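Here's the letter readout for the chains.
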Amino acid sequence: MKATVVLVGAGRVGLNLMRHLRRMHIPLYCIVERDPDRRMQASGAFPGAILAPDLPAPWPSGITHCILAVPDGQISRVAHALASEPSLPAGLVV
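Each value, and the rule that gives it
Residues numbered from 1 in each chain as written. Predicted model: local features only at pLDDT ≥ 70, side-chain atom pairs only at ≥ 80, totals over all residues. Heavy atoms only, no water. Salt bridge = Lys/Arg side-chain N within 4 Å of Asp/Glu carboxyl O. Helix = DSSP H or I, 4+ residues; strand = E, 2+ residues; numbered from the N terminus. Buried < 20%, exposed > 50% of the residue type's maximum accessible area, 1.4 Å probe, protein only. Expected span 1.5 Å × (residues − 1). Arc of directions from axis to C-beta. Contact = heavy atoms within 4.5 Å.

Focus: the pattern of salt bridges
Step number 1: Scanning all chains against the criterion turns up one salt bridge.
Step number 2: Two residues, R34 and D54, come together in a salt bridge whose shortest N-O distance is 3.3 Å. Within this pair, whereas R34 is found in the loop between β2 (28-32) and α2 (36-45), its partner D54 is found in the loop between β3 (50-52) and β4 (65-68), the two being separated by 20 residues in sequence.
Step number 3: Overall, the relative accessible area of 42% leaves D54 in the partly exposed class.

So, helix α1 (residues 12-23)
Step number 1: Given a rise of 1.5 Å per residue, 12 residues ought to cover 16 Å, and the 17 Å separating the end C-alpha atoms of α1 matches this to within 8%.
Step number 2: Turning to α1, its buried residues are G14, L15, M18 and L21. Buried residues along α1 cover an arc of 120 degrees about the axis, so they all sit on one side. Seen from the buried face of α1, the exposed residues on the opposite side, beyond 90 degrees, are R12, V13 and R23.
Step number 3: The secondary structure elements touched by the buried residues of α1 are β1 (5-8), β2, α2 and β4.
Step number 4: H25 sits one or two positions beyond α1 and adopts a positive phi of about 60 degrees.

See the structure below:
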């Protein structure tokens, strides 16, 4: 099964990851970014992906990977938010 990705964070690292995903033809389902300016920047980098300020709830089926491209100080908060989400797909790779 081909990977389908949710990307959390659309800063420099996140935008570069998006470009690599696109080049590798890996579907990007959703880009989660709280900053509205960065969300707009991300929309140009990966047209067709859903842009959201928060993690998807409930998580759609078919999502295989969640990439955390957030500053180090936010990893714990985002990981806890993911862990507390009851609709996470079984086998999700974070």
